[in-house]
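# Understanding the architecture of this molecule
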Amino acid sequence: MWGSGPQLTTREGEVGRASVADRPVVPERPGNTGGGKGPEFRDKDGRKEDWRLAMSLPTPKQVSNLQKTLHAKAKENPSYRFYSLYDKLYRKDILAHAYDRCRRNGGAPGVDGTSFDRIEESGREAWLGELAEDLRGKTYKSQAVRRVYIPKPNGKTRPLGIPTIRDRVVQMAAVVVLEPIFEADLQEEQFAYRNGKSAHYAVWTIHRGINEGHREVVDADLSGYFDTIPHAELIRCLSRRISDGEMLKLVKSWLKQPVEETDRRGRKKRSNPAKRTGRGTPQGAPISPLLSSLYMRRFILGWKQSGCEQRFGGRIVNYADDLVILCRREAEEAYKTMVWLMERLRLKVNEEKTSVRKVPEESFDFLGYTFGRCYSSKNGRAYLGTRPSRKSITRLTRRISEYTDCRNLLKEPEEVVGSLNRLMRGWGNYFSLGPVSKAYRAVDSHARYRLRQWLRRKYKVKGGGTQKYPDEHLYGELGLLRLELTTRNLPWA
């Protein structure tokens, strides 16, 4: 909408020079794949985590014109403060567009139990009209956030907040209005949740950097970034561009929403750690990505203004709370400087997970990819490139195992195969850079084995099931996706 990045290109076994275009990568987006730290789909509540999927919805012309006007004004005058924004939130076209984006993202109900289906059964237009009146009359009050815990690959869990649909729609309306303003200020090193930027673009940028001589890499990890962003400093970031007191008041209310959890006995308990500590953005809420990017901008500006970019030859690549610094020299000193700057921003670096890597002797992972030495499948020569990380492959095979678990024996084969295909297609669309055939073969092998075992258990077939369910049956009759064959449509194959 406001700019575009380069089309990413790659060729298997030989990524080539960073500036050379070999083939376009245009990832499809089933579930919520292709825009986050790797292919993430739906959580156990059916909620899509990547709100940017809604960006595929066409923006109404009047809304688009407003966004272009706001962006142009912000770009033209970096010190300009916008004083009349709150009244845009209850515009009929903006609220309707915000609702459609939230509807597209789907998701479970919040603490009030209201679902999209219920809203549409009772009348979408009436519901939006009532919300608009509450905003116009300044009687709108944010509600508590329902907290659920999502399993992480390491066995731990991470908290995810589910606001009510009412709060989601108002927050999305605020994003529609505020995003074009702050897009003018975000730095080129920031790749998350932005038009014309993507995870693939970030991967391409790192690949180009290490091939241009930035071989000392600070692989950084922040401790609970979203939960530790200080409210006072964040509001100051917003106030630099916004003088509309009602809009700032609204954002403050979202930062201090109480949290409702359900214990093992089904009892509901509310707490308000954000209000108590004065820290944290509402994870899982539409406004959170914009706020987190805005605060990370302070670190990147501090890095540049303190001369670190020149001193270390250091290039930053940032995606949400993930961060790498590509250095030509003195990476250890760059690491110490980063820690010092983060402390000044009241953020904490996880020193156990942060390290300095020297490429090509060492490799590092970022956004699900491993960066380091690769070998050409044609001539065996070494080069610096990318490949799907072991963790990413393991995470996918675990999901395949979950889909083909004994608990799903009541499902029909077509349903299970359909779920597997969507999962693998989304994964393959994201992990399409660099030498992928080896990873694809491993995934295909695991999917064949797990589906065959599922069929054997479902129909009580003795033995390994290879005679009853050979590969021809799995791929031909059931239609299981074979990732390895998807490379045949590529020009370089």
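Residues numbered from 1 in each chain as written. Predicted model: local features only at pLDDT ≥ 70, side-chain atom pairs only at ≥ 80, totals over all residues. Heavy atoms only, no water.

### Let's talk about the overall build of the chain
- Counting secondary structure elements, the chain contains 19 helices and 11 strands.
- Residues counted as buried form 55% of the 493 residues belonging to the chain.
- Across the chain, contacts joining residues at least 24 apart in sequence account for 71% of those joining residues at least 6 apart.
- Carbon and sulfur atoms form 46% of the exposed surface of the chain, whose accessible area is close to 23000 Å². (Helix = DSSP H or I, 4+ residues; strand = E, 2+ residues; numbered from the N terminus. Buried < 20%, exposed > 50% of the residue type's maximum accessible area, 1.4 Å probe, protein only. Contact = heavy atoms within 4.5 Å. Areas by Shrake-Rupley, 256 points an atom, 1.4 Å probe, with all protein chains shown as cover.)

### A closer look at the confidence of the model for the chain
- Looking at the chain, the pLDDT average stands at 86 and 87% of residues meet or exceed 70.
- pLDDT under 50 marks residues 3–55. Its contacts with residues more than four places away, or in other chains, come to 166 contacts. (pLDDT = per-residue confidence, 0-100.)

### Describing the packing of helix H9 (residues 231–239) against helix H12 (residues 288–305)
- As a packed pair, H9 and H12 sit with axes 10 Å apart at the nearest point and diverge in direction by 90°. Considering the angle they form, H9 stands roughly perpendicular to H12. Facing Glu 233, Leu 234, Cys 237 and Leu 238 of H9, the residues of H12 in contact are Leu 291, Leu 294, Tyr 295 and Arg 298.
- Class assignment for the residues of the contact of H9 with H12 results in 6 nonpolar, no polar and 2 charged. (Axes fitted to C-alpha atoms, helices over the stretch in contact; angles between N-to-C directions. Parallel < 35°, antiparallel > 145°, perpendicular 65-115°, else oblique. Nonpolar A, V, L, I, M, F, W, Y, C, P; charged D, E, K, R; others polar.)

### Focus: the pairing of strand S3 (residues 216–221)
- S3 sits mainly inside the fold: 5 of its 6 residues count as buried.
- Summarising the sheet, S3 and strand S7 (residues 322–327) pair through 6 bridges and their orientation is antiparallel. Pairing of Asp 221 across the sheet is with Asp 322, part of S7.
- For S3 and strand S8 (residues 355–358), the ladder comprises 4 bridges, and the chain directions are antiparallel. If you follow Asp 219 over to S8, its bridge partner there is Ser 355. (Pairing = 2+ DSSP bridges.)

### Regarding the nonpolar core
- Residues Phe 299, Trp 303, Met 338 and Leu 451 are the most contacted members of the largest nonpolar core, which totals 131 residues.
- The greatest single-element share of this core, amounting to 12 residues, is contributed by helix H6 (residues 165–183).
- Residue contacts for Phe 299: discarding those within four places in its chain leaves Ile 316, Leu 323, Ile 325, Met 338, Leu 341, Met 342 and Leu 345.
- Core analysis: the second largest hydrophobic core is formed by 5 residues, Ala 108, Ile 150, Leu 160 and Ile 162 among them. (Core = buried A, V, L, I, M, F, W, Y, C linked by side-chain atoms within 4.5 Å.)

### A few points about the sheet that holds strand S2 (residues 157–162)
- The sheet built from 4 strands is open, its strands ordered S2-S1-S4-S5 with mixed pairing. The two strands at the open ends of the sheet, each matched to only one other strand, are S2 and strand S5 (268–271). Adjacent strand axes in the sheet meet at a mean angle of 35°, parallel and antiparallel pairs treated alike.

### Considering helix H1 (residues 61–76)
- When the terminal C-alpha atoms of H1 are compared, their 22 Å separation across 16 residues agrees well with the 22 Å that a helix rising 1.5 Å per residue should span.
- Among all positions in H1, only Val 63, Ser 64, Leu 66, Gln 67, Leu 70, His 71 and Ala 74 are buried. Along H1, the residues classed as buried sweep out an arc of 160° about the axis, all on the same side. Projecting away from the buried face of H1 at angles above 90 degrees are the exposed residues Lys 61, Gln 62, Thr 69 and Glu 76.
- Those residues of H1 that are buried lie in contact with helix H2 (86–89), helix H3 (92–105) and H6. (Expected span 1.5 Å × (residues − 1). Arc of directions from axis to C-beta.)

### Topic: the packing of aromatic side chains
- Counted by the stated rule, this structure contains 16 aromatic pairs.
- Geometrically, the ring pair formed by Tyr 99 and Phe 116 is edge-to-face, given 5.6 Å between the ring centres and 75° between the ring planes. Note that Tyr 99 is positioned in helix H3 and Phe 116 in helix H4 (residues 116–122), a separation of 17 residues in sequence.
- Centre to centre, the rings of Tyr 369 and Tyr 430 are 5.7 Å apart; their planes meet at 50°, and the pair counts as tilted. A residue pair is termed long-range when its members are at least 10 positions apart, and Tyr 369 in strand S10 (residues 369–375) and Tyr 430 in helix H16 (residues 413–430) qualify at 61 residues.
- The class of Tyr 369 is buried, set by a relative accessible area of 0%.
- Aromatic rings pair up to connect Tyr 369, Trp 427, Tyr 430, Phe 431 and Tyr 440 into one cluster.
- A cation over a ring is seen here: Lys 197 above Phe 191, with NZ or CZ 4.6 Å from the ring centre.
- Between Lys 458 and the ring centre of Tyr 459, over which it is positioned, the NZ or CZ distance is 5.6 Å. (Phe/Tyr/Trp six-rings, centres within 6.5 Å; stacked < 30°, edge-to-face > 60°. Lys NZ or Arg CZ within 6 Å of the ring centre and 35° of its normal.)

### Comments concerning the pattern of salt bridges
- Inspection of the entire model under this criterion finds 25 salt bridges.
- Put simply, Asp 185 and Arg 240 hold a salt bridge, and the shortest N to O gap is 2.9 Å. Highlighted residues: Asp 185 in the loop between H6 and helix H7 (199–211) and Arg 240 in the loop between H9 and helix H10 (245–255), separated in sequence by 55 residues.
- The buried category is assigned to Asp 185, whose relative accessible area is 8%.
- A salt bridge links Arg 236 to Glu 233; the shortest N-O distance between them is 3.8 Å. Here the residue Arg 236 and the residue Glu 233 both occupy positions in helix H9, the gap between them amounting to 3 residues, near one helical turn.
- On the accessibility criterion, Arg 236 (53% relative accessible area) is exposed. (Salt bridge = Lys/Arg side-chain N within 4 Å of Asp/Glu carboxyl O.)

### Examining unusual backbone geometry
- Following Val 359, the chain continues to Pro 360 via a peptide bond in cis, the omega torsion being 10°.
- With a phi close to 60°, Lys 138 is a non-glycine residue in the positive phi region.
- Position of Lys 138 among the secondary structure elements: in the loop between helix H5 (124–136) and strand S1 (145–151).
- The phi angle at Arg 346 is positive, at roughly 65°, despite the residue not being glycine.
- Within the secondary structure layout, Arg 346 lies in the loop between helix H14 (331–344) and S8.
- Overall, the relative accessible area of 37% leaves Arg 346 in the partly exposed class.

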